Amino acid sequence: MRLIRGLSHLEPLKNGCVLTIGNFDGLHLGHRAVIKKLAERGEVLALPVVAMTFEPQPLEYFLGENAPSRLMRLREKVIRFSKLPVDDLLILRFNQYFADCDAEQFIEDILVKKLNIKHLVVGDDFHFGKARRGNFAMLKDKGKLYGFDVEDTGSYQIDGLRVSSTLIRDALGGGDLALAEKLLGCCYSVCGRVAHGDKRGRAIGYPTANILMFRKNTPVNGVFAVTMTGIDGREFEGVANVGTRPTVDGSSKVILETHLFDFNKEIYGRYVEVHFKQKIRDEMRFQSLDELKAQIVKDVAEAKKIFGNRSADANFIMEHGYQQ
């Protein structure tokens with residue numbers, strides 16, 4: 001997959017392409033169904049498959065800290081896209097230019113002149129351009145004028161639920177990780193580099209691998225049973241806390257702190273992935289390190305119990321020949 005950052009790095013596609021546009025936050029099963037449909041069309045037309053997304057996401061530009069929490073950061077999105085049948089991922093910086101860009105100008109200058117699209121797949125509720133004037137009907141009309149087809153993504157449903165980033169966000173916020181996993185097609189995870197922390201966990205016998213979330217808000221908060229990958233090709237079990245910490249300027253930062261069971265390696269600087277398996281409790285404040293340590297002991301015991309039950313369920317399934 002070719003990664004294209006900005007219009008200045010995009011050479012006009014003389015032969016054209018098939019295109020989809022969206023935030024693709026989480027790259028859930030609905031998104032993947034759209035990509036699959038687009039790739040099939042690209043194969044028929046013998047054209048490259050292009051996905052366009054914006055950074056920051058438009059609502060983040062307009063709403064700032066009040067924007068919905070992200071399911072994934074840009075790097076995670078790029079990694080996930082690289083595993084899908086996409087030839088080019090076009091990332092456009094959403095700024096004042098795009099905020100003020102007329103819908104017709106966006107279609108003519110970018111979709112037609114730059115990308116030379118032949119087939120476009122977007123949701124029928126897709127809006128774009130200044131004052132959100134651009135919509136599905138306008139794209140259909142312009143398609144007739146410029147010679148490209150426009151297709152609705154359709155509604156991708158699981159168990160009667162329309163799969164969306166919003167629904168996944170709500171499931172995670174409510175602690176329903178099983179529903180989030182069903183909609184995502186995999187358990188929810190966060191990637192990042194292990195950074196130095198305040199060594200508070202180490203001081204009480206429970207060292208943690210700390211990852212800065214680099215976001216104002218997060219869809220998950222509290223304590224979870226987790227696994228971590230990205231170290232020696234193995235998956236390590238542990239318990240993690242996602243919460244806020246005050247900074248010197250009076251603001252706050254969101255940190256993911258993970259304690260791995262039976263693990264004593266130095267992994268500072270390693271790029272790892274933390275997989276959220278089950279929520280244990282909400283975040284709490286403690287008056288002393290002794291109180292914190294006592295609660296961590298309980299959290300570790302609960303997480304080990306969760307993993308023990310999961311192992312028992314998996315063994316039962318294998319022994320009795322059932323399929324998940």
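## What about the packing of helix α5 (residues 103-114) against helix α6 (residues 136-146)?
- Two elements in contact, α5 and α6, have axes separated by 11 Å at closest approach and are oriented at 45°. Between α5 and α6, the angle falls in the class oblique. Where α5 crosses over α6, the handedness of that crossing is right-handed. Residue-level contacts link Ala103, Glu104, Ile107, Glu108, Leu111 and Val112 of α5 to Met138, Leu139, Lys142 and Tyr146 of α6.
- Of the residues that constitute the contact of α5 with α6, the class distribution is 7 nonpolar, no polar and 3 charged.

## Quick notes on the sheet that holds strand β6 (residues 149-152)
- The strand order across the open sheet formed by 6 strands is β1-β4-β3-β2-β5-β6, and the pairing between neighbours is parallel. The open sheet has two edge strands with one neighbour each: β1 (2-5) and β6. Strand-to-strand twist across the sheet, computed as the mean angle between neighbouring axes with direction ignored, equals 20°.
- α6 contacts β5 (117-122) and β6 of the sheet and is inclined by roughly 155° relative to β6.

## Focus on the nonpolar core
- In this structure, Leu172, Tyr188, Met228, Ile231, Val242, Leu256 and Phe276 are the most contacted members of the largest nonpolar core, which totals 33 residues.
- At the level of secondary structure, the elements contributing two or more residues to this core comprise α7 (165-173), α8 (177-184), β9 (189-195), β10 (209-212), β11 (222-231), β12 (234-246), β13 (252-260) and β14 (271-281).
- Among all residues touching Ile231, those that are not within four sequence positions of it are Phe236, Leu260, Phe263, Ile267, Arg270 and Val272.

## Description of the confidence of the model for the chain
- Per-residue confidence for the chain gives a mean pLDDT of 90; residues scoring 70 or more make up 93%.
- Counting contacts from residues 312-318, a segment whose pLDDT is below 50, to residues more than four positions away or on other chains yields 4 contacts.

## Looking at α5
- With 12 residues, α5 should reach 16 Å at 1.5 Å per residue; the first-to-last C-alpha distance of 15 Å fits that figure.
- Considered for burial, the residues of α5 that qualify are Ala103, Phe106, Ile107, Ile110, Leu111 and Val112. For α5, the buried positions fall inside an angular range of 165° around the axis, keeping them on one side.
- Residues of α5 that are buried sit in contact with β2 (17-21), β3 (49-55), α4 (96-100), β5 and α6.
- Count one or two residues on from α5 and you reach Asn116, which has phi positive near 50°.

## With respect to the layout of surface pockets
- Considering only enclosed or pocket space, the largest pocket measures out at about 1,400 Å³ in volume.
- Along the walls of the largest pocket sit 47 residues, with Ile21, Gly22, Asn23, Asp125 and Phe126 positioned nearest its centre.
- Looking at the lining of the largest pocket, the elements with two or more residues in it are β2, α1 (29-45), α2 (58-63), α4, β5 and α7.
- Sorting elements by how many residues they give to the lining of the largest pocket places α1 first, with 5 residues.
- For the lining of the largest pocket, a count of residues per class yields 21 nonpolar, 17 polar and 9 charged.

## What to know about the pattern of salt bridges
- Taken as a whole and judged by the stated rule, the model has 16 salt bridges.
- Note that Arg169 and Asp25 form a salt bridge whose closest N and O atoms lie 3.0 Å from each other. Residue Arg169 is located in helix α7, and its partner Asp25 is located in the loop between β2 and α1; the two are separated by 144 residues in the primary sequence. Grouping residues by exposure puts Arg169 and Asp25 together as buried.
- Salt-bridge contacts for Asp282 lead to Lys279; the nearest nitrogen and oxygen are separated by 2.7 Å.

## Quick look at the packing of aromatic side chains
- Inspection of the entire model under this criterion finds 13 aromatic pairs.
- Joined through ring pairs, the aromatic side chains of Phe54, Tyr61, Phe62, Phe94, Tyr97 and Phe98 make up one cluster.
- Taking the ring centre of Phe261 as reference, the NZ or CZ of Lys304 above it sits at 5.1 Å.

## Some points on the packing of α7 against α8
- Where α7 meets α8, the closest approach of the two axes is 7 Å, and the angle between their N-to-C directions is 155°. Our classification of the angle between α7 and α8 gives roughly antiparallel. Relative to α8, the crossing made by α7 is left-handed. Side by side, α7 and α8 meet where Leu167, Ile168, Ala171 and Leu172 of the first sit next to Leu177, Leu179, Ala180, Leu183 and Leu184 of the second.
- Partitioned by chemical class, the residues of the contact of α7 with α8 number 9 nonpolar, no polar and no charged.

## Considering the environment of Ile35
- Summarising the element assignment, Ile35 is placed in helix α1.
- Spatially, the C-alpha atoms of Ile35 and Thr227 are 29 Å apart, while their sequence positions differ by 192 residues.
- In this structure Ile35 touches Thr20, Phe81, Leu84, Pro85 and Val86, once residues within four positions along its chain are discounted.

About the criteria used
- Residues numbered from 1 in each chain as written.
- Predicted model: local features only at pLDDT ≥ 70, side-chain atom pairs only at ≥ 80, totals over all residues.
- Heavy atoms only, no water.
- Axes fitted to C-alpha atoms, helices over the stretch in contact; angles between N-to-C directions.
- Helix = DSSP H or I, 4+ residues; strand = E, 2+ residues; numbered from the N terminus.
- Parallel < 35°, antiparallel > 145°, perpendicular 65-115°, else oblique.
- Left-handed = near helix turned anticlockwise from the far one by under 90°.
- Contact = heavy atoms within 4.5 Å.
- Nonpolar A, V, L, I, M, F, W, Y, C, P; charged D, E, K, R; others polar.
- Pairing = 2+ DSSP bridges.
- Core = buried A, V, L, I, M, F, W, Y, C linked by side-chain atoms within 4.5 Å.
- Buried < 20%, exposed > 50% of the residue type's maximum accessible area, 1.4 Å probe, protein only.
- pLDDT = per-residue confidence, 0-100.
- Expected span 1.5 Å × (residues − 1).
- Arc of directions from axis to C-beta.
- 1 Å grid on protein atoms, 1.4 Å probe; cavity = no way out; pocket = protein on both sides within 12 Å on 5 of 7 lines; lining within 4 Å.
- Points joined across faces, edges and corners; volume = space filled by probe spheres on them.
- Salt bridge = Lys/Arg side-chain N within 4 Å of Asp/Glu carboxyl O.
- Phe/Tyr/Trp six-rings, centres within 6.5 Å; stacked < 30°, edge-to-face > 60°.
- Lys NZ or Arg CZ within 6 Å of the ring centre and 35° of its normal.

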